[in-house]
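# Observations on chain architecture
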Amino acid sequence: MTDPKTLYDKIWDAHLVSEDDDGTALLYIDRHLVHEVTSPQAFEGLRMAGRKVRAPEKTIAVPDHNVPTTLDREKGIENEESRIQVEALDKNAREFGIHYYPVNDVRQGIVHIVGPEQGWTLPGMTVVCGDSHTATHGAFGALAHGIGTSEVEHVLATQTLIQKKSKNMKVEITGRLQPGVTAKDLTLAVIGATGTAGGTGHVIEYCGEAIRGLSMEGRMTVCNMAIEGGARAGLIAPDDTTFEYVRGRPHAPRGAQWEAALAWWKTLYTDEGAHFDKVVTLKGEDIAPVVTWGTSPEDVLPITASVPAPEDFEGGKVDAVRRALDYMGLTPGMKLTDIAVDTVFIGSCTNGRIEDLRAVAEIVRGRKIKEGMRAMIVPGSGLVRAQAEEEGLAAIFEEAGFEWRLAGCSMCLAMNPDQLAPGERCAATSNRNFEGRQGKGGRTHLVSPQMAAAAALTGRLTDVRDLL
Amino acid sequence: MEKFDKLTGVAAPMPLVNIDTDMIIPKQFLKTIKRSGLGVHLFDEMRYLDDGSPNPDFVLNKPAYRDARILVAGDNFGCGSSREHAPWALLDFGIRCVISTSFADIFYNNCFKNGILPIVLPREDVDKLMDDARRGANAVITVDLERQEIHGPDGGTLHFDLDPFKKHCLLNGLDDISLTLEKAKAIDDFEQKATRARPWV
């Protein structure tokens, strides 16, 4: 009898091309997703070495970081460097013959939303992208790593990645989430508990009743932020929820191949008694709607709490918190619900999917955003946008006073014109609250889509449960 | 990739924890399609004042550290995005070694692809080197990769651990792709086998 294996062990073993005595392994890559920011130097490297893309049929590219999200997008990209970067992707995709969704394709969007939407991401696969939020695809029970540009070039040339196996970490969320509490609150609460380095060197498997109860959209939100907890990847074992989401997608298997795939996918779970190097357990019932108050995703508190003081922390974190409070313009002891925001950003690979938009619509239906508030909703893909329009969500957003944008990464990292000005304060559904992340001097509070919607209505960080 | 064997230079102290990749190289500089020229933008938002002039309080702007070759940094250095622009910017500035108690995984890997040596040490050793680094130009440190040793300004020696394969590649300036292509047969064999087992992929 073989030793019990974790889900990570099983996917790893199924993709192992070779392994040296010291544990350095070559892992086969099933899907390589590419965007315009981290790929130009990799394609240039191939060109200079006279190399080809080894598996263009497994390589999918889409521009997302630099693209304008305003409705006049067809006018082109004003910023010259941004335009050159997108044009470089156009050219590289054509020259190397890889799958491509250009800016004007309705299927264009954030790479981590497009992959699952088109059925490129399937259970049990290895997926890489030159982007840390590749972790998103782990929601399907796919081993998904963010990689650097040198590794992008390596995968383009060899369809493999040099890896050492990570350790196994289990994050179990027992019980159920309370009303008003979402996958975003869950994943932020985990980072609050483990810290941003809590997962370093590990692949996290999320499990437990609260995880099982999440939709695929919610699971993607959870895995998306595994990287914010420092993990190499996040995983959720596939189940009927997964299979139903995948079935019928453009690049999902069909007919006999579907049946064969399904049979294998159903073996993708952690065996009873498998070893985890680290285990973290949270009770679903204990998780409240949360916000971040600082400049690290680990700076998380329930919305009912107050801004902490540097002295509440230890070691190097004391100075970091002092710096963060200064940057964020906050005083210890002030209630989080007293923090006024002037901007609301709803979107990103963390929360730019249809379910997120439906949740926002539930909160803002028939209501108006606070006067003077800049509030934008940026769907994760052109198809999410189309669906939101079909379901009448877009009309609700516009009625409430939101800007309804085209798909892209937008203000999550502000490489396109969607940025915060110095001192502006934003409730954002994105994934990073780092200094300058949404624009130099901009202040970011990470929240769920529901909480962002609530903040847009009241003009301050707000407990969404008061509006339900 | 430039080989790394022995490095002697001034070490700059950056004790802040969780220095993220947005701090190392903000996103407005990711629009380049080249690898070079990013050194001037390294730590941009901390390094320059709003009018674009150098911030005199920032460590790398102080005369003693302008030619620093080594960083001694707080916990979890390089957390955040996968941008290889972070090590490109460090390298272009002249930093070839970063020492901390811990690094984010992707940043750590990216360093080795660019001839930069990230060294993980226990907290007491990092604290000691941080104190040395605070002494500026008087505190030259030597990093000996072959022997896996750091020689401090006062004659002390610290040992560090490192993955043997990563060490080998760094010492010899080896390109990963060439090494992997030597295993082309194994990749072909795997691909055939995997296509039979999982034809839907």
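One structure accompanies this document, and this report is about it. Every value quoted in this text rests on a predicted model; they were computed, and no experiment measured them.

Quantified by volume, the largest pocket comes out at close to 1,400 Å³. Along the wall of the largest pocket there are 48 residues; nearest its centre are Tyr108, Asn109, Phe112, Lys113 and Lys166 of chain B. Elements with a minimum of two residues in the lining of the largest pocket: α5 (149–158) and β8 (160–164) of chain A together with α3 (85–93), α4 (105–112), β4 (117–120), α6 (164–172) and α7 (176–181) of chain B. When the residues that make up the lining of the largest pocket are grouped by side-chain class, the tally is 17 nonpolar, 14 polar and 17 charged.

This brings us to the nonpolar core. Counting residues in each nonpolar core, the largest one holds 86 residues, and the members touching the most others are Phe43, Leu60, Phe77 and Leu90 of chain B. Top element by residues in this core is helix α16 (residues 449–458) of chain A. It accounts for 7 residues. With sequence-adjacent residues up to four places away left out, Leu90 of chain B is seen in contact with Ile24, Leu42, Phe43, Leu71, Phe77, Ile95, Val98, Phe107 and Ile116 of chain B.

So, about the side chain of Arg437 of chain A. Mapped onto the elements, Arg437 of chain A comes out in the loop between β18 (425–428) and β19 (443–446). Here the side chain of Arg437 of chain A touches Cys412 of chain A through a polar contact of 3.1 Å, landing on its backbone oxygen. What Arg437 of chain A contacts, discounting residues up to four positions off in sequence, is His133, Cys412, Leu413, Ala414, Asn431 and Arg432 of chain A together with Asp22, Lys27 and Arg83 of chain B.

This part is about the packing of helix α13 (residues 354–364) of chain A against helix α15 (residues 393–400) of chain A. Residues and elements named next belong to chain A. Interaxial distance between α13 and α15 falls to 10 Å at its minimum, and their mutual angle equals 45°. Comparing their axes, α15 and α13 come out oblique. The handedness of the crossing between α13 and α15 comes out as left-handed. The residues of α15 that touch α13, namely those facing Ile354, Leu357, Arg358, Val360, Ala361 and Val364, are Leu393, Ile396, Phe397 and Ala400. When grouped by side-chain class, the residues that make up the contact of α13 with α15 number 9 nonpolar, no polar and 1 charged.

Residues and elements named next belong to chain A. Taken together, the buried positions of helix α14 (residues 382–390) are occupied by Gly382, Val384, Arg385 and Ala388. All buried residues of α14 project into a common sector of 160° when viewed along the axis, lining one side. On its buried face, α14 is in contact with α4 (111–117), α13, α15 and β17 (403–404).

On to the environment of Arg322 of chain A. All names here are of chain A. Summarising the element assignment, Arg322 is placed in helix α11 (residues 317–328). Residue Arg322 is classed as partly exposed on the basis of its relative accessible area, which comes to 42%. Arg322 sits 10 residues away from Pro332 along the chain, and the two C-alpha atoms are 9.8 Å apart. In contact with Arg322, not counting residues within four places along its chain, are Pro310 and Glu311. Of the polar contacts made by the side chain of Arg322, one reaches the side chain of Asp319; its length is 3.0 Å.

Inspection of the entire model under this criterion finds 5 cavities of 30 Å³ or more. Roughly 220 Å³ of volume is contained in the largest cavity. For the largest cavity, the lining is made up of 23 residues, of which His65, Asp131, His133, Leu413 and Arg437 of chain A are closest to its centre. Counted by class, the lining of the largest cavity contains 7 nonpolar, 11 polar and 5 charged residues. The calculated volume of the second largest cavity comes to roughly 140 Å³. Along the walls of the second largest cavity sit 17 residues, with Thr295, Ser296 and Ala320 of chain A together with Val17 and Asn18 of chain B positioned nearest its centre. It is α11 of chain A that provides the largest number of residues to the lining of the second largest cavity, a total of 4 residues.

Contact residues are listed per partner, giving 75 residues for chain A and 53 residues for chain B. Together, the buried faces of chain A and chain B total about 5,300 Å²; carbon and sulfur atoms form 57% of this surface. Viewed at the interface, chain B and chain A are joined by 7 salt bridges. A salt bridge links Lys164 of chain A to Asp163 of chain B; its shortest N-O distance comes to 2.3 Å. The tally of links between chain A and chain B comes to 28 residue pairs in polar contact (both at pLDDT 80 or more). The set of elements that each furnish at least two residues to the side of chain A that touches chain B consists of β1 (16–19), β2 (24–28), α2 (40–49), α3 (80–96), α5, β8, α10 (255–265) and α11 of chain A. Among the elements that take part in the side of chain A that touches chain B, α5 of chain A stands out by supplying 7 residues, more than any other.

Conventions we followed
Residues numbered from 1 in each chain as written. Chains lettered and ligands numbered in written order. Predicted model: local features only at pLDDT ≥ 70, side-chain atom pairs only at ≥ 80, totals over all residues. Heavy atoms only, no water. 1 Å grid on protein atoms, 1.4 Å probe; cavity = no way out; pocket = protein on both sides within 12 Å on 5 of 7 lines; lining within 4 Å. Points joined across faces, edges and corners; volume = space filled by probe spheres on them. Helix = DSSP H or I, 4+ residues; strand = E, 2+ residues; numbered from the N terminus. Nonpolar A, V, L, I, M, F, W, Y, C, P; charged D, E, K, R; others polar. Core = buried A, V, L, I, M, F, W, Y, C linked by side-chain atoms within 4.5 Å. Buried < 20%, exposed > 50% of the residue type's maximum accessible area, 1.4 Å probe, protein only. Contact = heavy atoms within 4.5 Å. Polar contact = N/O pair within 3.5 Å; in protein donor to acceptor, adjacent residues only side chain to side chain. Axes fitted to C-alpha atoms, helices over the stretch in contact; angles between N-to-C directions. Parallel < 35°, antiparallel > 145°, perpendicular 65-115°, else oblique. Left-handed = near helix turned anticlockwise from the far one by under 90°. Arc of directions from axis to C-beta. Buried area = accessible area lost by both parts, 1.4 Å probe. Salt bridge = Lys/Arg side-chain N within 4 Å of Asp/Glu carboxyl O.

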